[in-house]
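Now for the letters of each chain:
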Amino acid sequence: MVAIGRILSRPTAKPYRTKHLDVDEQPYLNEYGHVDFSPGDVENPHNWSTARRWYITVCAVLLVVNATFASSSPSGCFGSISKEFGVSEEAAGLTITLFLLGYCAGPLLFAPLSEFYGRRWIFYITFLLYIAFNFLCAFAPNFGSLLVGRFLTGTFVSAPLSNGPGVLADLMGPFERGNAMAAFACMVWVGPALGPVISGFLELSENWRWSFYVLLWLGAGTAVFMFTIPETFGPIILVTKARRIRKAKIPGYESVRAPVEDQDRSLLGIYKVALTRPWIILFDTISFLCAIYMSIVYTLLYMLFSIYPIVFQQKRGWNSGVGELPLIGTVIGSCIGAIIVMLDSRRKLKKMEDGTQLKPEDRLVPAMVGGVGFAITMFWFAWTAEFNSIHWIVPTIAGVFLSTSLMLIFVGYLNYLVDTYLMYAASAIAVNTVCRSACGAAAPLFTNQMFDALGVGGGGSLIGGVAALFAVIPFAFYKYGERIRIRSRFAPTNHQRPDDEEQQRQQQQQRNDDTEKSPDVPPQFSASSSTMIEDEGHEFQGATGQKSQYDDVHNVLGEPRQEIVKL
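Treat the numbers as computed from the prediction; the structure is a model and nothing was measured. (Residues numbered from 1 in each chain as written. Predicted model: local features only at pLDDT ≥ 70, side-chain atom pairs only at ≥ 80, totals over all residues. Heavy atoms only, no water.)

Colleague: What's the story with the overall build of the protein chain in this structure? I'm lost.
Modeller: Regarding its fold elements, the protein chain presents 19 helices and two strands. Out of the 567 residues belonging to the protein chain, those deemed buried represent 57%. In the protein chain, the share of contacts with a sequence separation of at least 24, taken over all contacts with a separation of at least 6, comes to 79%. A total accessible area of about 23500 Å² is found for the protein chain, and carbon and sulfur atoms account for 63% of it. (Helix = DSSP H or I, 4+ residues; strand = E, 2+ residues; numbered from the N terminus. Buried < 20%, exposed > 50% of the residue type's maximum accessible area, 1.4 Å probe, protein only. Contact = heavy atoms within 4.5 Å. Areas by Shrake-Rupley, 256 points an atom, 1.4 Å probe, with all protein chains shown as cover.)

Laid out in C-alpha cells, this is it:
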C-alpha cells in the first residue's frame, strides 16, 4: 500500500515534488494568519506553465469524451440488443435513458464530495468504477443486468462532467478559461455524435457487445492519462501545505492551519446546501426559463440519434453504419460553434480593454444568434429530409448548422447563468444539469413514435415551432434581464432595493472606512490571493490566478467570486 500511495502521490503533470519543496523558509500567511499562496508560488496551479495547464485540461476533456461518447453509443445497435434479449427497440432505448438519469448524480453527489476531498481522488475513484461497471454491460447475461450497468456507469462517469469545469477554473485565467470551456462544451456534442457512428458499423460485422468493448478500451487508455492529473483545487492544496509545515515544526508555525481547517465544515452541511438550494433557485425567473430552453436543446440532441436513422436508414435504405455517418456533420457544427465562442470571447476582451463595462446580458449574444438559427435549421432539416428526391447532403448540411446553433445556445446560457447568479451559480447550473439530463433521458422513449405519427417534416416542424417560440427568450433577457435580476433574491446586482438601502449604506460606509485604512491598496485587491467568500458569509481559501488573472469560479460547484473582471 505504501508503494501504491507513493505512485499515486506523484502525478507527472505536477511541476514539483513535495520532497523537493523548501519548508525551512518562513511560510507565507495571509491577513487572517492562514497558510496561503505566496506571489509566484509554484504550488498555485495558476502559476504552472501554459503547456502543463493545457495538458491537464486535455486530460480532463478526455474524461468528458468518455462520458459523452458512452451516453449514446448503444443507439447504433438497438436492433441487436432487442434481438438478443427479446425486447422492443423502445425498451432497448432504456440503455440511454438510464445512463442519462445517472448524469443527475454528478452535480448533486460528486461535486460536493470533491469540494470536501478535492478533485483528484474523485476522478480516480469514480472513473475506475465506471470502467468496472462497463464490464457488467459488456458481459451482461440478461437485459436487467445491462440496464443496471448502464445506470451505474452513467452515475459514476457524471463526475468528470460536473467537476471538469472546476479543474479549468483552478488552472486558467478568465480569457484562457473561455477558450478551454469552448473546447469542453464542444466535447459535450462531439462525443454523443461519434458513439452511434462507431456502434453502427460494429453492428454490421459484430454485435452490440463490441460497442461496450470499445468503451472499455477507450476508458483504459484514458485512465493512463487520468492518473497524471494532480490535485488542482486550491483549498485542498493549502491543507496539504499546512500539514507539511506543521510536520516540519518550523519555530512559530507549529500550529499553523489552512483556512478550511478552521471552518466548521461538515460533509453533511455541504450536502444540505447542495441538495436543497438548487431546487429553490430553479423557480427564479431566469433560472426557470433557462432550464426549460436548455432542456429542449438537450432533448433534441438525443432525439437526433433516433431521427437520423429514420431519415437515412428507414427512408433511404442505408445500412446501420453508413446511415449514422451524417451525424459527423453535427460534429463539424459543434466545432464551428466552439470557434464562434472563442471569437466572441476575444471580442469581449477587446471591449474590456477599451474600458467598456460588460453586463451578464452581453453573454446572450451567441444564444440570440443560436436561437434564431435553431428554428430556421430545424425547418430546413425537417423538410429536406422528408423527401428522398432531395440529395442527402442537403439535410446533412442543415444538421451542421443545427448543431452550431445548439452549441451557441448551450454555451451562451451557461455563461449567462454564471454571470447572473455569481456565488449561487453552482446551484443554478446544478439544477439546470439535472433538468436537461432528465429531459434528454426521455428522448429515446418517444422519438420514433412521434416521427412515425407526424412524419419527418411534421415532427421536425413541431420542434422548429417550439424553437421559434423560445427564440424570443434571449432577446427578452437582453432587454429586460437587468430589471429581472434586480427583483431576484439570488442574482446580485449593484442596484439598491428599497428595503436594503439602509443596510447597503452601512456596508458602503464600512468599505470606505476600510479603504481609508489601506489607501495604497485598491479595495478589490485588499483580500488575500486565495480568499473566497461563500454565500453563507464565511470564508474559505482556494487557488486564484496570477495578478492579472482573477477567477470567476471559486469551487468545484462553479460558484464564482464577485470580481471586477469578467468576459
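Colleague: Help me understand the side chain of Thr 153 in this model?
Modeller: Within the secondary structure, Thr 153 is located in helix H8 (residues 143–171). For Thr 153, the contacting residues outside a window of four places in its chain are Phe 99, Tyr 130, Phe 133, Asn 134 and Cys 137.

Colleague: How should I be thinking about the pattern of salt bridges in this particular structure?
Modeller: Oppositely charged side chains can pair when the atoms bearing their charge come close. As enumerated under the stated definition, the model contains nine salt bridges in all. A salt bridge links Arg 209 to Glu 84, with the nearest nitrogen and oxygen atoms 2.8 Å apart. Note that Arg 209 is positioned in helix H10 (residues 209–226) and Glu 84 in helix H3 (residues 78–85), a separation of 125 residues in sequence. Its relative accessible area of 16% is what places Arg 209 among the buried residues. In this structure, the salt-bridge partner of Arg 119 is Asp 170, at a minimum N-O distance of 2.4 Å. Note that Arg 119 is positioned in helix H7 (residues 119–138) and Asp 170 in helix H8, a separation of 51 residues in sequence. (Salt bridge = Lys/Arg side-chain N within 4 Å of Asp/Glu carboxyl O.)

Colleague: I'm lost on the environment of Pro 196 in this one. Help?
Modeller: Within the secondary structure, Pro 196 is located in helix H9 (residues 174–205). Pro 196 sits 120 residues away from Gly 76 along the chain, and the two C-alpha atoms are 4.3 Å apart. Beyond its immediate chain neighbours, meaning those up to four positions away, Pro 196 contacts Ser 72, Ser 73, Ser 75, Gly 76, Phe 305, Glu 324 and Leu 327.

Colleague: Which parts of the structure should I look at to understand the packing of H7 against H8?
Modeller: Between two packed helices, what matters for the description is the angle formed by their axes and the separation of those axes. Axis separation between H7 and H8 bottoms out at 8 Å; the angle between their running directions is 155°. Judged by the inter-axis angle, H7 sits roughly antiparallel to H8. Classified by chirality, the crossing of H8 by H7 is left-handed. (Axes fitted to C-alpha atoms, helices over the stretch in contact; angles between N-to-C directions. Parallel < 35°, antiparallel > 145°, perpendicular 65-115°, else oblique. Left-handed = near helix turned anticlockwise from the far one by under 90°.)

Colleague: Honestly, the nonpolar core in this entry has me stumped. Any pointers?
Modeller: Considering soluble globular proteins, one finds that nonpolar side chains tend to be buried as a cluster. If you look at the biggest cluster of nonpolar residues, it comprises 126 residues, and the most contacted ones within it are Leu 146, Leu 300, Tyr 302, Phe 374, Tyr 413 and Tyr 421. Counting residues per element, this core draws most heavily on helix H13 (residues 285–314), at 17 residues. Formed by 12 residues, the second largest nonpolar core is a distinct cluster that contains Phe 37, Val 239, Val 256 and Ala 258. (Core = buried A, V, L, I, M, F, W, Y, C linked by side-chain atoms within 4.5 Å.)

Colleague: Sorry if this is basic, but what is going on with the environment of Lys 241 here?
Modeller: Inspection of the secondary structure puts Lys 241 in helix H11 (residues 234–248). Classification of Lys 241 as buried rests on a relative accessible area of 9%. For the pair Lys 241 and Ala 258, spaced 17 residues apart in sequence, the C-alpha separation works out to 7.9 Å. Each residue touching Lys 241, except ones within four places of it in the same chain, is listed here: Val 35, Asp 36, Phe 37, Asp 41 and Glu 43.

Colleague: Honestly, the confidence of the model for the protein chain in this entry has me stumped. Any pointers?
Modeller: Any region with low pLDDT has predicted coordinates that should not be read closely. Here the protein chain averages 79 in pLDDT, and 82% of its residues register 70 or above. Note that pLDDT drops below 50 for residues 5–9; the model gives that stretch six contacts with residues more than four away or on any other chain. A low-confidence stretch, residues 496–506 (pLDDT under 50), is modelled with nine contacts involving residues beyond four sequence positions or located in other chains. (pLDDT = per-residue confidence, 0-100.)

Colleague: What is the right way to read the state of the cysteines from this model?
Modeller: Should the sulfur atoms of two cysteines be covalently bonded, the bond is a disulfide. The full count for this structure, using the stated rule, is zero disulfides. Cys 335 forms no disulfide, and the closest cysteine sulfur to it belongs to Cys 186, at a distance of 3.9 Å. (Disulfide = S-S within 2.5 Å.)

Colleague: Mind showing me how you'd approach the packing of aromatic side chains here?
Modeller: For any pair of aromatic rings, geometry is given as the distance between the ring centres together with the angle between the planes. Summed over the entire model, instances satisfying the criterion amount to 27 aromatic pairs. Arranged with centres 6.1 Å apart and planes meeting at 20°, the rings of Phe 283 and Phe 288 form a pair that is stacked. Phe 283 sits in the exposed class, given a relative accessible area of 62%. Relative to Phe 401, the ring of Trp 380 lies with its centre 6.1 Å away and its plane at 20°, an arrangement referred to as stacked. Linking Trp 380 in helix H15 (residues 365–385) with Phe 401 in helix H16 (residues 393–421), this pair joins segments that are 21 residues apart in sequence. Seen from the ring of Tyr 298, Arg 436 lies directly overhead, with NZ or CZ sitting 5.5 Å from the centre. (Phe/Tyr/Trp six-rings, centres within 6.5 Å; stacked < 30°, edge-to-face > 60°. Lys NZ or Arg CZ within 6 Å of the ring centre and 35° of its normal.)

Colleague: Just to check I follow, could you spell out the packing of H16 against helix H17 (residues 425–470) for this structure?
Modeller: As a packed pair, H16 and H17 sit with axes 8 Å apart at the nearest point and diverge in direction by 145°. Along the contact surface, H16 presents Phe 410, Leu 414, Leu 417, Val 418 and Tyr 421, while H17 presents Ala 425, Ala 428, Ile 429, Asn 432 and Arg 436. Taken together, the residues that form the contact of H16 with H17 break down as eight nonpolar, one polar and one charged. (Nonpolar A, V, L, I, M, F, W, Y, C, P; charged D, E, K, R; others polar.)

Colleague: Mind showing me how you'd approach a nonpolar patch on the surface here?
Modeller: On the surface, Leu 194, Phe 201, Leu 204, Val 322, Leu 325, Ile 328, Ile 332, Ile 336 and Ile 340 cluster together into a nonpolar patch covering about 650 Å² of accessible area. Sorting the residues of the nonpolar patch by element identifies H9 and helix H14 (328–353) as the ones contributing at least two each. With four residues, H14 is the largest single contributor of residues to the nonpolar patch. Considering the arrangement of structural elements, one finds Leu 204 in helix H9. (Patch = residues over 30% accessible without salt bridge, like charges linked within 9 Å, V, L, I, M, F, W, Y side chains within 5 Å.)

Colleague: Would you mind showing me how to read the side chain of Ser 403 here?
Modeller: Structurally, Ser 403 can be placed in helix H16. The contacts of Ser 403, once residues within four sequence positions are left out, are Thr 330, Gly 333 and Ser 334.

Colleague: Looking at this structure, I do not really get the environment of Phe 139. What am I missing?
Modeller: With respect to the helices and strands, the residue Phe 139 is situated in the loop between H7 and H8. Separated by 73 residues in sequence, Phe 139 and Phe 212 place their C-alpha atoms 8.9 Å apart.

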